[in-house]
Amino acid sequence: MQLARSSTTAFPLLKRQLAACAIFGALLATIIGALYFQHRQREWVLRQEQAQHRLDIAYELVSLEVDRVRSDATYLANRSMVRQFVSGDEATREKLETDFALFVEKKGLYDQLRLLDLDGNETIRVNLNGSTASAVGADSLQDKADRYYFRASKSLQPGEIFVSDFDLNVEHGAIEKPFK
C-alpha cells in the first residue's frame, strides 16, 4: 500500500516539475528568440548601411568619370583645328582625324569619338580597336539625327554639355556586341 501511496503523491510533484520546466523552457526560448531577432535586425541595418555606402562610392566614381568626360569634351570643342574644320576648312580634316586618333589612343577611355554636323551627320569618326585608333572613311560615316542624344543636344546653348543616360552602343540599327 505504501508503494501506491507514494506514486500518487509523486504524480502531482512530477506534474509541477514538468510545468516549471515547460515555463522555464518557454521563457528561455523567448529570450533566445528575442536575442536572435535583435541580432538579425542589427545585421539588416548594417547591411543596409554597407549597401548605401557602396552606392555613395559608386555615385562618386561615376561623378568623377562624368566630370572627366565633360572636361575632355570641352577641351576638344575648343581646339582651334575643330573650329576651323567646323567653319568649313576641309584642309584640316586629315590633321583633325590624326589629332582625334591620338587623343583616343592616349586616353584609352573612349571607343569612339564623333564630330557631328548640325544635321546629325558624322563628319569625322575615330574608332579605337584594341590599342590603335583610326579614322573611318567617309563612306562609313553615319546619320545620327534620329538619336535621342543628338535631338537633346540641339537645344543646348554654346558651352553647355548634354550628358546622356548610360546605354548600349547602337551601330547600323543593332546593339553592338560585345556590349559597349
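How each quantity is defined
- Residues numbered from 1 in each chain as written.
- Predicted model: local features only at pLDDT ≥ 70, side-chain atom pairs only at ≥ 80, totals over all residues.
- Heavy atoms only, no water.
- Core = buried A, V, L, I, M, F, W, Y, C linked by side-chain atoms within 4.5 Å.
- Buried < 20%, exposed > 50% of the residue type's maximum accessible area, 1.4 Å probe, protein only.
- Helix = DSSP H or I, 4+ residues; strand = E, 2+ residues; numbered from the N terminus.
- Contact = heavy atoms within 4.5 Å.
- Salt bridge = Lys/Arg side-chain N within 4 Å of Asp/Glu carboxyl O.

Colleague: Sorry, what's going on with the nonpolar core here?
Modeller: Among soluble globular proteins, nonpolar side chains are generally buried collectively. Leu96, Phe100, Leu113, Ile124 and Val126 are the most contacted members of the largest nonpolar core, which totals 16 residues. Take this core: its biggest share by element is five residues, from helix α3 (residues 93-107). Each residue touching Ile124, except ones within four places of it in the same chain, is listed here: Phe85, Arg93, Leu96, Glu97, Phe100, Leu113, Arg114, Leu115 and Leu141.

Colleague: Would you take a moment to explain the pattern of salt bridges for this structure?
Modeller: Where side chains of opposite charge bring their charged atoms close, a pairing between them can arise. The final tally for this structure, using the stated rule, is eleven salt bridges. Across the salt bridge formed by Arg93 and Glu97, the nearest N and O atoms sit 3.7 Å from each other. One end of the pair, Arg93, and the other, Glu97, are both in helix α3, four residues apart, so they sit about a helical turn from each other. Classification of Arg93 as partly exposed rests on a relative accessible area of 22%. Owing to a relative accessible area of 18%, Glu97 belongs among the buried residues under this scheme. Salt bridges sharing common partners tie together Arg40, Glu43 and Arg47.

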